[in-house]
Amino acid sequence: MPLIQFNIRFSTQPGQTLWLLGNLPALGNNKPEAALCMQYANSERWTLSVPVSLTARQTKLQYHYLLKGPDGLPIAEWKKDRIVSIDKDQDLVFLDTWNSAGEFENAFYTAPFSQVLFKRKNPKFPPVATELSYTHIFRVKAPLLSSGQTLCLLGSDPALGNWSTSLALPMQKTNGWYEVKLSLPHASSIEYKYGVWDLLSNTFLRYEDGVNRTAPADLSIQGLICMHDGFARLPNTSWKGTGVAIPVFSLRSRNSFGVGEFADIRLLADWAARTGIRMIQLLPINDTIATNTWTDSYPYAAISAFALHPMYINLADVAGTTHAKQLRSLRKLQEQLNALSVVDYEKVISIKLQTLRSLYEEMGADCFASEEYKLFFAKNKHWLQPYAVFCTCRDRYGTCVFDQWSHYAEYKEEEIQDLFSSRKANGEIGFYCFVQFQLHLQLSRAVQYAHQKGVVLKGDIPIGIYRYSVDAWVAPDLYNMNWQAGAPPDDFTAIGQNWGFPTYNWSRMQQDDFRWWRLRFEQMSSYFDAFRIDHILGFFRIWSIPTHAVQGLLGRFVPCLPIAIEEFWERGIQFDRLRFCQPFITEEILLDLFGEDHFWVKEHFLVRLADQRLQFSPLYDTQQKIVHYFDTAKVNPAHQKLKEGLLQLIANVILFEEPGAEHTKFHFRISMDKTTSFRYLDKKTQDTLIALYHDYFYYRQDACWYHEAMQKLPTLKAATNMLVCGEDLGMVPHCVPDVMKQNGILSLEIQRMPKDPQKMFFNPAEAPYLSVVTPSTHDMSTIRGWWEENRERTTVFYNRELQHWGEAPYFCEAWINRAIIQQHLQSPAMWSIFQMQDLLGISETIRRQDPREERINDPANPKHYWQYRMHIDLESLIDHTEFNDTLREMIVAAGRA
């Protein structure tokens, strides 16, 4: 029975412990609850010796370490890639280096790099005469070695060349590790270093940085010693890439049908490769067909977190030559839709679905009989079957509000299985399976083509799900259906945002180890190499709005530590629950809000209590009731304008009560200091509340939110090999940068949205390496559009950031746009990603005439129509030599090609 000693180099903090987990029964069979606690050896090392009984089949050992803090929350290393051959007659000693997920070198082992950007033929390594009997294995990683280079080992022992560079030992690359095996004496401590070796000239190039490494001699057992030394200390922040961000629906080609399509990604990849762009970033591409109206254009309200949007299908690719005749009558309509400056969502989706139904009648049977479809169905049936039934019911009943359906209002898996066992599976239900298969084929081909061009794809995961989606229908217990996700007030909107999505029931999701998320990542990784987590702050806490509210103002963060009533008493506040928690209404406030209409408002919406206080009638005491009244009652048009005032009056509170706390715990309403309720308080009470308000929002929650995020993000990130980027904008808790850094999640840095409240603009030159820098996003105006919005702010930017003096030009001329792009290209950030509109803005001849037509979304408008489309087709863009050459020169000069 061999004895294996595990040693991990790690300097723990008080209260921290290290644990071991592996693929053998003696190591817990990779079950976290069976992990083995290690022993503290010294300030730099933990150790554990384990006797292992092996069967004939057990020839490979795979293991990793866990770190636990005082709260017992386990944090795993990144990548379980220590795999070693084992022998039942040989003792082993492992000397390992902790691999934190936050080590930026780990990013280079994610899908975009390992599968595309760094994918190249393995160099021919020189033959190494490995001794039949060896005592040591040295392993180390170096992700950014140039082609034709390898690592080498040299050190203080004759077997290591006595530091002679000409005698350095070249290393072989195996499963991501550079490795060399040799015999060394056990009795003495040996110093060594890794270096870079040129395979073409067979010469030593350089040492790694830092002090010498040491192979210790003070080991309690004598066996084969395997050194896992982490990463070679080489410049590993030198790689930088450029990306372009554009929704699929915004693409324009000569062969598309009034909207961008998956097939157009191939043309976009051609252009990207031509200009040195390495990444294409897309908005969500999931099916959003809920109402069959233009409101379905909102890409973040998908009816399925898995299904692709039929809008993106290319009809000609589906029909092929065999069924092309069906499309001849559509050519004129196709030309008309392609001639539009924007997407006509309703017309496009209507004609595409109609045509697909005709093609399905002719092609469906052959499609279902194909082996390719059978493989697709088997892999995806967990979401495809309920999605197909959901869409069929939506069409039949004219709504996706499933609790209004007379049949299948409640999801039952056995009923869905019965439907697919019947002939109905080849009818209407089968239609949606057919469409999803065709979409899968087209997107897969586009992705494969982009990869061949050396271009990776980055997707987008929305923070929420649509309230009446397949996901909510199938597993409502995974979501808090009595809450609505949103955002607090910001620069976009003073009343906050209400997205309407139910929030996640994280405790329920954790019970099955986040299975829904794992399946989502697995499906997404079929098409994307990287993804953006929309509103990653929602993994720390989510802005949750009661379903009776309309405005984001009436939300609060969940989870959130409340204010106890004793805290008000201790600070000398005369606490009046009704005064603080009910809308504060006086005659003066009514007159100020409604003018001469205040009599009508008081008569219709308010009641007077016995103590003469005014409050809302129970018929109108929520924002939803107010909206319903104005939407359904026959109201004098002159009174319609009063709705906003009434919504504001309902929000005129200082505190919300914690449900179930029996009037003893409370939460602050965001921006409570801007309410008239607050302004009517005395100065001492105002100052005391402000101090408590700042503690509540900016200090007391940090540990809670840190723990909340660390329960989710490490597990979710470990579930995929895609590169993970976070959209960390808004009210950012202090713990967010640390959590993202620990997990190796790239941050988002936007020039005009600095995270430092003391700064007006963020300097791209100050971006961390693990980040994405950009001058704008789809939720913002483009560079040119922003330039014209605020003259005072633009002039400050012109003077401070661009270092030009005097008044800024009124319009954003091409040289200004180019200078801003150049700033971002020169940033130290790993990725610099630009909206297509911002890139086109560097050319006076190619950019759109009116920058106001370039904006994709306006977050302040909840009814925004997402219909932006490029004004130039991709074929013409590819042929625009002067522009492409200029852009490529800028990218190459910045070291990002």
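Because the structure is predicted, anything quoted here is derived from the model rather than measured.

### Regarding the overall build of the chain
Scanning the chain for helices and strands turns up 29 helices and 37 strands. For the C-alpha atoms alone, the extent of the chain along its principal axes is close to 100 × 80 × 70 Å. Long-range pairs, those at least 24 residues apart, make up 72% of the contacts in the chain with a sequence separation of at least 6. A total accessible area of about 38400 Å² is found for the chain, and carbon and sulfur atoms account for 51% of it. In the chain, the 90 positive side-chain charges and the 100 negative ones have mean positions that sit 4 Å from each other.

### Observations regarding the pairing of strand β2 (residues 17-22)
Regular strands show a simple pattern: their side chains alternate between the two faces of the sheet. Where burial is concerned, most of β2 is hidden: five out of the six residues are buried. Bridge analysis of β2 against strand β6 (residues 60-68) gives six bridges, and the strand direction is antiparallel. Within β6, the position partnered with Leu18 by the bridge is Leu67. As paired strands, β2 and strand β3 (residues 36-37) are joined by two bridges and run antiparallel to one another. Each residue of the ladder has a partner; that of Leu20, found in β3, is Leu36.

### Observations regarding the sheet that holds strand β24 (residues 497-498)
Overall, antiparallel pairing links the four strands, which are arranged β24-β23-β27-β28 in an open sheet. Two strands lie at the open edges of the sheet, namely β24 and β28 (556-558), each paired on one side alone. Note that strand β23 (residues 483-487) and β24 share two bridges and pair antiparallel. Its bridge partner being in β24, Gly486 is matched across the sheet by Asn498.

### Examining the packing of aromatic side chains
For the structure on display, the rule yields 85 aromatic pairs. Relative to Trp517, the ring of Trp516 lies with its centre 5.2 Å away and its plane at 85°, an arrangement referred to as edge-to-face. The exposure classification of Trp516 matches that of Trp517, with both residues buried. Over the ring of Phe584 we find Arg579; its NZ or CZ atom is 3.7 Å from the centre of that ring. The aromatic ring of Trp78 is capped on one face by Lys717, whose charged end is 3.7 Å from the ring centroid.

### Let's talk about the nonpolar core
Membership of the largest hydrophobic core comes to 207 residues, with the highest contact counts inside it found for Trp517, Phe605 and Phe668. If one sorts the elements of this core by residue count, helix α8 (residues 428-452) sits on top with 13 residues. Trp517 has contacts with Ile461, Tyr504, Trp506, Met509, Phe539 and Leu716, leaving out every residue within four places of it along the chain. With 26 residues, the next largest nonpolar core counts Phe6, Leu27, Leu67 and Cys226 among its residues.

### Topic: the pattern of salt bridges
What the rule picks out here adds up to 43 salt bridges. Here Asp395 ties to Arg394 by a salt bridge, and the two come within 3.0 Å at their closest N and O atoms. On the basis of relative accessibility, which here comes to 31%, the residue Asp395 falls in the partly exposed class. You can call Arg394 buried: its relative accessible area is 3%. Here Asp512 and Arg508 are joined by a salt bridge, their closest N and O atoms 3.8 Å apart. Of the residues examined, Asp512 reaches a relative accessible area of 32% and is grouped as partly exposed. Residue classification places Arg508 among the partly exposed residues on the basis of a relative accessible area of 24%.

### Re the state of the cysteines
This model, assessed by the stated rule, comprises zero disulfides. Take Cys391: it sits in no disulfide, and the sulfur closest to it among the cysteines is that of Cys393, at 9.5 Å. Since its relative accessible area comes to 0%, Cys391 is described here as buried. Looking at Cys560, it has no disulfide partner, and the nearest cysteine sulfur is the one in Cys704, 7.2 Å off. With relative accessibility at 11%, the residue Cys560 sits in the buried group.

### Quick word on the side chain of Ser544
Counting through the fold element by element, Ser544 comes out in strand β27 (residues 542-546). Ser544 sits in the buried class, given a relative accessible area of 2%. Residues within four places of Ser544 in sequence aside, it is in contact with Trp483, Gln484, Thr503, Gly555, Arg556 and Val558.

### What to know about the environment of Gln551
Positionally, Gln551 belongs in the loop between β27 and β28. The exposure class assigned to Gln551 is buried, which follows from its relative accessible area of 6%. What Gln551 contacts, discounting residues up to four positions off in sequence, is Ile495, Ile545, Gln623, Glu644, Leu647 and Ala651.

### Focus on the side chain of Asp597
Its location among the elements puts Asp597 in the loop between α14 (587-594) and α15 (598-605). If we skip the residues at most four places from it in the chain, Asp597 touches His639, Lys641 and Leu642.

### Considerations on the layout of surface pockets
Volume-wise, the second largest pocket comes out at about 1000 Å³. Every element with two or more residues in the lining of the second largest pocket is listed here: β6, β7 (74-76), α21 (702-710) and α22 (713-718). Taken together, the residues of the lining of the second largest pocket sort by class into 19 nonpolar, 13 polar and eight charged.

### Quick word on the environment of Val558
Mapped onto the secondary structure, Val558 falls in strand β28. Distance in space between the C-alpha atoms of Val558 and Tyr387 is 30 Å, their sequence separation being 171 residues. Setting aside residues no more than four positions away along its own chain, Val558 makes contact with Arg541, Ile542 and Ser544.

### What about the pairing of strand β16 (residues 203-207)?
Here four bridges tie strand β15 (residues 190-198) to β16, and the two strands are oriented antiparallel to one another. Each bridged residue has a counterpart across the sheet, and for Val196 the counterpart in β16 is Arg206. Where β15 hands over to β16, the hairpin turn is made up of four residues, of which Asn202 adopts a positive phi near 60°.

Reading the values: rules and limits
- Residues numbered from 1 in each chain as written.
- Predicted model: local features only at pLDDT ≥ 70, side-chain atom pairs only at ≥ 80, totals over all residues.
- Heavy atoms only, no water.
- Helix = DSSP H or I, 4+ residues; strand = E, 2+ residues; numbered from the N terminus.
- Contact = heavy atoms within 4.5 Å.
- Areas by Shrake-Rupley, 256 points an atom, 1.4 Å probe, with all protein chains shown as cover.
- Lys, Arg positive; Asp, Glu negative; His and termini not counted.
- Charge placed at Lys NZ, Arg CZ, Asp CG, Glu CD.
- Buried < 20%, exposed > 50% of the residue type's maximum accessible area, 1.4 Å probe, protein only.
- Pairing = 2+ DSSP bridges.
- Phe/Tyr/Trp six-rings, centres within 6.5 Å; stacked < 30°, edge-to-face > 60°.
- Lys NZ or Arg CZ within 6 Å of the ring centre and 35° of its normal.
- Core = buried A, V, L, I, M, F, W, Y, C linked by side-chain atoms within 4.5 Å.
- Salt bridge = Lys/Arg side-chain N within 4 Å of Asp/Glu carboxyl O.
- Disulfide = S-S within 2.5 Å.
- 1 Å grid on protein atoms, 1.4 Å probe; cavity = no way out; pocket = protein on both sides within 12 Å on 5 of 7 lines; lining within 4 Å.
- Points joined across faces, edges and corners; volume = space filled by probe spheres on them.
- Nonpolar A, V, L, I, M, F, W, Y, C, P; charged D, E, K, R; others polar.

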